[in-house]
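# Structural overview
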Amino acid sequence: MSNHNEIPEFELICIVVDYGVGSKVMQTAKKFGISGGTVLLGKGTIKNSLLEFFSLSSTRKEIVLMVARKTTAYKVLEQLDNKLKFTRKNHGIAFTTSVGSVIGARSCKPIDEKVEGSANENMYQAITVIVDKGNASDVIDAATEAGSKGGTIINARGSGIHETSKVFNMDIEPEKEIVMILSKRDKTDAIVSSIRTKLKIDEPGNGIIYLQDVTNTYGLYE
C-alpha cells in the first residue's frame, strides 16, 4: 500500500524586487499563510537593455526566499502579482522550485492532494553559481555569450571573520559571490557549459554550479 503522504508537496518561493520592497512581500505572504522567510541583499545586472529577461537593472535588489505548501505558494504568488504587478517590466520577478522535504518549518506539513501545475511548468531552470568575490561579472559574461539575458548577484557573507557557512561542502565566506540566473530549459546546457569553461569550474576551489527546475514564474520576458 503506497503512502502518498510521505512525499511532501513543498515549493521554495523566490522573489526578486527593488531594495525596500522585501518587507511588503513578507507582509503580503504572511496574510495568506506563510509565517516567515529570508531576505537577501543583491544587485541585478542586465547585459543587453533590449532583452530584459530578468527585468532588472544594475541596482540594489532584495531576494526573498520562502517555503510553503504548493497550494499556499501559488495563492501567495497570485496575490503578490496582483499587488506588485510583476507583469510590468522592472517590477521584479517571482518563481518557485520544488522542495523535497522541509525541516524546522512548523507551518510546512505534508498534504495528500493533487496540485495543478502552471502552464509553464518546467519550462525554465534556475542556475546558481558560487564563485570567489570579483568573479560574478565573468559568470554573467559567460552566461550572456551563451544566450542568457541577465541575472542577480548576491554577496555571501560568513557570520564572523573566522567563521564560515557551508553549501555543498564549499565554504561561503565574505570573499564569495552567488549568481542566480533563470534560463529556458533548452538554453541551460549551453549557459552552464560556457560558465564552466570561462570560470574553470571543474578545477578545485574555483566554484560550484547547481540547477533547479522552476515550476512557476511571474515577470519573465523574452
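As a starting point, this report considers the structure included with it. (Residues numbered from 1 in each chain as written. Predicted model: local features only at pLDDT ≥ 70, side-chain atom pairs only at ≥ 80, totals over all residues. Heavy atoms only, no water.)

Two faces belong to every sheet, and in a regular strand the side chains alternate between them. Taken across its seven residues, strand β4 (residues 93-99) has five buried, putting it largely inside the fold. Where strand β1 (residues 10-18) lies against β4, seven bridges are found, and the strand directions are antiparallel. Bridge pairing links Leu12 to Thr97 in β4. Pairing between β4 and strand β10 (residues 208-218): four bridges, direction antiparallel. Along β10, the bridge assignment pairs Ala94 with Tyr218. (Buried < 20%, exposed > 50% of the residue type's maximum accessible area, 1.4 Å probe, protein only. Helix = DSSP H or I, 4+ residues; strand = E, 2+ residues; numbered from the N terminus. Pairing = 2+ DSSP bridges.)

Let us look at the pattern of salt bridges. Evaluation of the coordinates by the stated rule reveals four salt bridges. Note that Asp132 and Lys176 form a salt bridge whose closest N and O atoms lie 2.6 Å from each other. With Asp132 in strand β5 (residues 124-132) and Lys176 in strand β9 (residues 176-184), this pair connects stretches of sequence that are 44 residues apart. Overall, the relative accessible area of 9% leaves Lys176 in the buried class. (Salt bridge = Lys/Arg side-chain N within 4 Å of Asp/Glu carboxyl O.)

So, about the pairing of β5. By the criterion of burial, β5 is predominantly enclosed, with eight of the nine residues buried. Where β5 and β9 come together, nine bridges link them in antiparallel fashion. Directly across from Ala126, in β9, lies its bridge partner Leu182. The pairing of β5 with β10 spans seven bridges and is classified as antiparallel.

Note that every value here comes from positions in space, so none of it alone points to a role or purpose.
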